[in-house]
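# Notes for the structure review
Each chain is listed here by its residues.
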Amino acid sequence: MEELTIRAMRESDLPSVVAIERLSFSTPWSETSFLNEIYKHNSTAKISVAGERVIGYMCANQIADEGHILNLAVHPDFRGRGIANTLVKNIIEELKEKACRFLYLEVRASNNAARKLYEGFGFSIVGARKAYYTEPKEDAVIMMLRI
Ligand SMILES: CC(C)(COP(=O)(O)OP(=O)(O)OC[C@H]1O[C@@H](n2cnc3c(N)ncnc32)[C@H](O)[C@@H]1OP(=O)(O)O)[C@@H](O)C(=O)NCCC(=O)NCCS
């Protein structure tokens, strides 16, 4: 694979990001949702790039000492190669520098790949949200990491 880098998401990345989003989720975020994350003062939106190609992304925000992973996906052709691991590691390091102490996220109960990914970083289950997701209707598991 070509050289991998992680950098801040730009407006020009949005068509590629939205294409991956649509391949990854049954209720995908709109382009406007990503645009908001690029410009909100308390949000971080990053992409993973192989050569010139956008292959993954992650959005997170921070309020006081709490961070929240809002979105994460890797293009199906590039999964299983450690791309999500590098994105999560990158965001944890950045939030640590910003004095963030707790990092939260919601994940579909049946999303074993994502749950394993987060468990690998030491996230643990701290709660659930009933019927949080639609298409199909499903509970969210809430996970938290002390950083
Ligand atoms: C979840 C997702 C982001 C993982 O991306 P990825 O780049 O393939 O993940 P990585 O290769 O970095 O794998 C990191 C760890 O995640 C876990 N993992 C990833 N894919 C897995 C799978 N198919 N089955 C089980 N565990 C898996 C493993 O623990 C893995 O560590 P290991 O390689 O040491 O076993 C990707 O599958 C994806 O985009 N899915 C659709 C969108 C999504 O579900 N996003 C998360 C929403 S909360």
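Fair warning: this is a prediction, and the values are worked out from it, not measured in the lab. One numbering rule holds for all chains: residues counted from 1, following each sequence as written. Only residues with pLDDT of at least 70 get local features here, since the model is predicted, and only at 80 or more are side-chain atom pairs given and counted; chain-wide, interface and lining totals rely on the full set of residues.

## Some remarks on the site of the ligand
Think of it this way: take the backbone, place a C-beta atom on it, and check whether that atom is within 6 Å of the molecule or strand, in which case the residue is near it. Taken together, the neighbourhood of the ligand is formed by 19 residues, with Arg79, Ala84, Asn85, Ala113 and Leu117 sitting nearest. In this text, helices come from DSSP runs of H or I with a minimum length of four residues, and strands from runs of E with a minimum of two, each type numbered from the N-terminal end. The set of elements that each furnish at least two residues to the shell around the ligand consists of β4 (66-74), α3 (83-97) and α4 (112-120). With six residues, the top contributor of residues to the shell around the ligand is α4. Gly falls in the polar group here, along with every residue not listed as nonpolar (Ala, Val, Leu, Ile, Met, Phe, Trp, Tyr, Cys, Pro) or charged (Asp, Glu, Lys, Arg). In the shell around the ligand, the residues fall into nine nonpolar, seven polar and three charged.

## What about α3?
What a helix is expected to span follows from its residue count: subtract one and scale by 1.5 Å. Across its 15 residues, α3 extends 22 Å between first and last C-alpha, which sits within 8% of the 21 Å expected from 1.5 Å per residue. Buried within α3 we find Ile83, Ala84, Leu87, Val88, Ile91 and Leu95. Take α3 and look down its axis: the buried residues cluster within an arc of 130°, on one side only. For α3, the exposed residues lying more than 90 degrees away from the buried face are Glu93 and Glu97. Exposure in this text rests on C-beta crowding, where 20 or more other C-beta atoms within 10 Å of a residue's own make it buried, 12 or fewer make it exposed, and counts in between make it partly exposed. The C-beta atoms are placed from the backbone. The arc refers to the directions leading from the helix axis to the C-beta atoms.

## Structural notes on the environment of Glu106
Relative to the helices and strands, Glu106 resides in strand β5 (residues 102-108). As a C-alpha pair, Glu106 and Phe34 span 72 residues in sequence and 18 Å in three-dimensional space. Dropping the residues within four chain positions of it, Glu106 is found in contact with Arg129, Tyr132, Ala140 and Ile142. Contact between residues is assigned whenever the C-beta positions, reconstructed from backbone atoms, fall within 7 Å.

## Overview of the environment of Glu66
Looking at where Glu66 falls in the secondary structure, it is placed in strand β4. The exposure class assigned to Glu66 is partly exposed, which follows from the 14 C-beta atoms found within 10 Å. Along the primary structure Glu66 and Cys100 are separated by 34 residues, whereas in three dimensions their C-alpha atoms are 5.6 Å apart. Beyond its immediate chain neighbours, meaning those up to four positions away, Glu66 contacts Cys100, Phe102 and Tyr104.

## Re the sheet that holds β5
Judged by pairing direction, the sheet is mixed, and its seven strands sit side by side in the order β1-β2-β3-β4-β5-β7-β6 without closing on themselves. For this open sheet the edge positions go to β1 (4-8) and β6 (124-133), each flanked by a neighbour on one side alone. Strand-to-strand twist in this sheet, taken as the mean axis angle between neighbours without regard to direction, amounts to 25°. Bridge count between strand β3 (residues 53-63) and β4: eight bridges; the pairing is antiparallel. Bridging across to β4, Tyr57 finds its partner in Ala73. This element, helix α1 (residues 14-24), spans β2 (43-50), β3 and β4 of the sheet and lies at about 85° to β3. Two strands qualify as a pair provided that DSSP identifies no fewer than 2 bridges between them. For helices, the fitted axis covers only the stretch in contact; all axes are lines through C-alpha atoms, and the angles between them, taken along N-to-C directions, range from 0 to 180 degrees.

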